[in-house]
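# A structural walkthrough
Given next are the chains, with one letter for each unit.
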Amino acid sequence: HGAAAPAPRAPMAIETEDRLILWLRRRFAERGRLIGDDAALLAGDGPWAVSVDHQVAGVHFPADLDPRIVGRRLVGVALSDLAAVGARPAYALLALALPPADDPRRLFEGILAGCRRHDLALAGGDLSRAGRLTASLTVLGKPVAGGRWLRREGARPGDRLWVGATLGESAAGRLLVARGARIDGRVVRLPAGLRRPRALAAAARRAVRRHLAPEPQLALGAWLAKRRRAAAIDVSDGLALDLSRLCRASGVGASVQAARLPLAASFAELAGRLGSEPLALALGGGEDYALLFALPPRARPPAAFRCRAVGRVTAGEALTLVGPRGRRPLAPAGWDHLRADAAAPTSS
């Protein structure tokens, strides 16, 4: 834990790292758990699933976003990767850097709320100062009882392709947040031009929640992990791009039915008001954090998961989209941080 330069005193600020750790230990003691010392000592034998996610102010979220929302979002995004491999959350490690004047407690309140929701123990981490808030969460999970690890390479020609939630909403939510939409407590505050009519406003609020408060599909991942055969990936960078990754790992192609893509009510109208094409957001908008998976033709997920079959796995390597105008190649479009135009704020 590197030393930091003295910070300007802020209202309700925790002036030292030791005082913050003491505050955290007290919070954990209330739950009957303790964070580690210099290193976390974790119980459990056998294999672990490990993933890490990084969130940066001005890149993944606006710098003025409520830190509590940032914290809960960080947990949800990180756990989506565990859902994609069929893991049960166990531990998390946080590396946090924040501006000197920021009080970290509200951010930690959001992280702890996310941990409680998903039975995840924050086992340790590191704290430092930086010019803007950055947070990196490493999550560890165990196999679910009676399950196995899910992988991307299990798809076979003839399998059906399924999606675990609606597509494009989070991308629309990102556009709304860039225009000033925020979550204030339990209320979504919308830009003035999107508060009427009621159906449009409801769609906009759902989109903002979908973007700022993603829900990892852990239960669906656990169900898939118990299937005899399944392939899965979480849709974080866009359906088309993540589908291309699943197919490449499995050595197959895919055919997607545009009319079968799950879209939320009034989504097309909302996308139009935001100056975007609904299909483009659904295929390449990213940050859906829904599971995309392939199952044998006769297998169906339980209705309670509200999944939608969107296409088929095919022989060969081609990706195609079938729409009103026929069949055309499906380009692996989506978000890529290394692209030259990837510097836009609040993008995944």
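As the structure is a computational prediction, the values presented were derived from the model and not from experiment. (Residues numbered from 1 in each chain as written. Predicted model: local features only at pLDDT ≥ 70, side-chain atom pairs only at ≥ 80, totals over all residues. Heavy atoms only, no water.)

### Observations regarding the overall build of the protein
Along its length, the protein carries 9 helices and 13 strands. Buried positions account for 52% of the 348 residues belonging to the protein. Sequence-distant contacts in the protein: of pairs separated by 6 or more residues, those separated by 24 or more amount to 84%. (Helix = DSSP H or I, 4+ residues; strand = E, 2+ residues; numbered from the N terminus. Buried < 20%, exposed > 50% of the residue type's maximum accessible area, 1.4 Å probe, protein only. Contact = heavy atoms within 4.5 Å.)

### Concerning the confidence of the model for the protein
The share of residues in the protein with pLDDT of 70 or more is 87%, and the mean pLDDT across the chain is 88. When the criterion is pLDDT under 50, residues 1–12 qualifies, and its contacts beyond four places in sequence or with other chains add up to 16 contacts. Considering only residues more than four positions removed or in separate chains, one finds that residues 342–348, a stretch of pLDDT under 50, has 28 contacts. (pLDDT = per-residue confidence, 0-100.)

### Remarks on the pattern of salt bridges
Across all of its chains, the model carries 12 salt bridges by this definition. Arg229 serves as the salt-bridge partner of Asp159, at 2.6 Å between the closest nitrogen and oxygen. Highlighted residues: Asp159 in the loop between strand S4 (134–143) and strand S5 (160–163) and Arg229 in the loop between helix H6 (218–225) and strand S8 (231–235), separated in sequence by 70 residues. In this structure Arg229 comes out as partly exposed when scored by relative accessible area, which is 27%. (Salt bridge = Lys/Arg side-chain N within 4 Å of Asp/Glu carboxyl O.)

### A closer look at the sheet that holds S4
For sheets, the rule is that strands pair by backbone hydrogen bonds, running either parallel or antiparallel. Strands sit in the order S1-S4-S2-S3 across an open sheet of 4 strands; the sheet is mixed. Whereas interior strands pair on both sides, the edge strands pair on one side only; in this sheet they are strand S1 (49–56) and strand S3 (121–129). On average, each strand axis in the sheet is inclined to that of its neighbour by 15 degrees, with strand direction left out of account. In terms of strand pairing, S1 meets S4 through 8 bridges, oriented antiparallel. Within the sheet, the bridge partner assigned to His54 lies in S4 and is Ser136. (Pairing = 2+ DSSP bridges. Axes fitted to C-alpha atoms, helices over the stretch in contact; angles between N-to-C directions.)

### Quick look at H6
It helps to recall that an α-helix has 3.6 residues per turn; residues three or four apart then point in one direction. Judged by how many residues are buried, H6 sits mostly within the fold: 7 of 8 residues are covered. Inspection of H6 places Leu218, Leu220, Gly221, Ala222, Trp223, Leu224 and Ala225 among the buried residues, and these make up the whole buried set. Check the buried side of H6 and you find it contacts helix H2 (67–84), strand S2 (87–98), S8 and strand S10 (290–295).

### Structural notes on a positive patch on the surface
Residues Arg195, Arg196, Arg198 and Arg205 make up a contiguous surface patch of positive charge. Along the chain, the position of Arg198 falls in helix H5 (residues 198–212). (Patch = residues over 30% accessible without salt bridge, like charges linked within 9 Å, V, L, I, M, F, W, Y side chains within 5 Å. Areas by Shrake-Rupley, 256 points an atom, 1.4 Å probe, with all protein chains shown as cover. Lys, Arg positive; Asp, Glu negative; His and termini not counted. Charge placed at Lys NZ, Arg CZ, Asp CG, Glu CD.)

### Examining the pairing of S5
Neither face of S5 is exposed, since Arg160 and Trp162 on one face and Leu161 and Val163 on the opposite face are all buried. As defined by bridge partners, S5 adjoins S10 across 4 bridges and the pair is classed as antiparallel. Among the inter-strand pairings, Leu161 is bridged to a residue of S10, identified as Ala294. Judged from the 4 bridges that link them, S5 and strand S11 (residues 308–314) form a sheet pairing that is antiparallel. Paired with Arg160 across the strands is Arg312, a residue of S11.

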